[in-house]
Amino acid sequence: MTDIEIIIVNDNSDNKTVTVINEFKEEDPRIEVYNNEKNMGLLYSRSIGVMKARGKYVLTIDADDNLCDADVFYSLYIAAEDGNFDIISFRIFEAHDYYDRHKIDEHVLNYKEHNLTVFQPELSCYMRGSNSNPKVNDMNIWGKFFRTSVYKEAIKLIGEERLSSNVTWEEDIIFIFAIGNVASSYRYIRKYCYFHYGRKVSASSRLNDNERAIGILTRIDLELDLSKKECSNIPAMSLISVSKDVLKANDDKCINMLKKIVKKIMDSDKIEDKYKNDVKNVYSSYLS
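Criteria and thresholds
Residues numbered from 1 in each chain as written. Predicted model: local features only at pLDDT ≥ 70, side-chain atom pairs only at ≥ 80, totals over all residues. Heavy atoms only, no water. Buried < 20%, exposed > 50% of the residue type's maximum accessible area, 1.4 Å probe, protein only. Helix = DSSP H or I, 4+ residues; strand = E, 2+ residues; numbered from the N terminus. Pairing = 2+ DSSP bridges. Axes fitted to C-alpha atoms, helices over the stretch in contact; angles between N-to-C directions. Parallel < 35°, antiparallel > 145°, perpendicular 65-115°, else oblique. Left-handed = near helix turned anticlockwise from the far one by under 90°. Contact = heavy atoms within 4.5 Å. Phe/Tyr/Trp six-rings, centres within 6.5 Å; stacked < 30°, edge-to-face > 60°. Lys NZ or Arg CZ within 6 Å of the ring centre and 35° of its normal.

K.L.:
Mind showing me how you'd approach the pairing of strand 7 (residues 144–147) here?
P.N.:
The side chains of a regular strand alternate between the sheet's two faces. Here strand 7 shows a buried face lined by K144 and F146 and a second buried face lined by F145 and R147. By the bridge criterion, three bridges tie strand 3 (residues 57–59) to strand 7 in an arrangement that is antiparallel. Note on strand 7: the bridge partner recorded for Y57 is R147.

K.L.:
Would you mind going over the packing of helix 10 (residues 234–241) against helix 13 (residues 273–282) with me for this structure?
P.N.:
Geometrically, a packed helix pair is captured by the angle between its two axes and the distance between the axes. Helix 13 packs onto helix 10 with a crossing angle of 30° between their chain directions and a minimal axis gap of 9 Å. Taken together, the axes of helix 10 and helix 13 lie roughly parallel to each other. Every pair of crossing elements has a handedness; the one defined by helix 10 and helix 13 is left-handed. Seen from helix 10, the contacting residues are A236, M237, L239 and I240; seen from helix 13, they are Y275, D278, V279 and V282.

K.L.:
What's the story with the packing of aromatic side chains in this structure? I'm lost.
P.N.:
Any two aromatic rings considered together are summarised by their centre-to-centre distance and by the angle between their planes. Per the stated rule, a full pass over the model turns up six aromatic pairs. Centroid distance F146 to Y151: 5.0 Å. Interplanar angle 75°. Geometry classified as edge-to-face. Accessibility assignment for this pair places F146 and Y151 in one class, buried. Measuring from centroid to centroid gives 6.3 Å for Y283 and Y286, while their planes differ by 65°, and the two rings are edge-to-face. Here Y286 falls in the buried class, since its relative accessible area comes to 15%. In this structure an aromatic cluster arises from ring pairing among Y57, Y77 and F145. We note R212 situated over the ring of W169; from NZ or CZ to the ring centre the distance is 4.2 Å. Positioned above the aromatic ring of Y275 is the side chain of K274, whose terminal nitrogen or guanidinium carbon lies 4.6 Å from the ring centre.

K.L.:
Looking at this structure, how should I read the environment of K253?
P.N.:
Within the secondary structure layout, K253 lies in helix 12 (residues 252–267). Take K253: its relative accessible area is 40%, and that puts it in the partly exposed class. A C-alpha to C-alpha distance of 9.4 Å links K253 and S165, two positions 88 residues apart in sequence.

Here it is, written out as structure tokens:
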């Protein structure tokens, strides 16, 4: 499949990166480049790329991912079309530096594909967990192939204010939770499509306390707005579990977001009193 578009969103990178992008663009006319005037973070930049996309399906690729082979697009396209699925999830091969690359290639080539189809009316609960089982099941943006129209609906659900918050931490969960609220079908195929090159030092590992808190709070705020009955307590449970992280934040933006979220939890008629009291005990100083 060569009739594809390759979209690069340059999030105000340095001149060297711009030079490399332009070199690729000269070699491949399928490449389109969009430049952010200032650094806007991963949540915003991904959304720009998807909103510009014209194809029926979209696949996002991070800096530490690589496609396993040339058949990836065809396999994902056929899997999505065969049943009209909104989301296709696939396997990731962890290709760390200390692995033997020849063994990786051999493993992928010899792997036989098996399909498991999953339909879930409330996909957001399936992916995020529920009140009775708050385990995160499948909240990564990577390792998935999306129907573009559904992805665009999810971006609109997230809203301009959240998209512009310069979120780079937990943006996976923010996107997936939104997509889970608008998608109607999900399929998992047991096929390796990505190599993920694990790194000890990544962009997210260099974030400061405020940057991490913005991502966490943006995610919880979205969950408060979109959670269905089956997972209505999740935002309060989440806020309790991340108290060590968000209480480290000291800038006005984070503090105001935290106050807003605590108030929304206290005012919610969907969250049980038990969890409201837990939030109240931990975040009493943020109650106005």
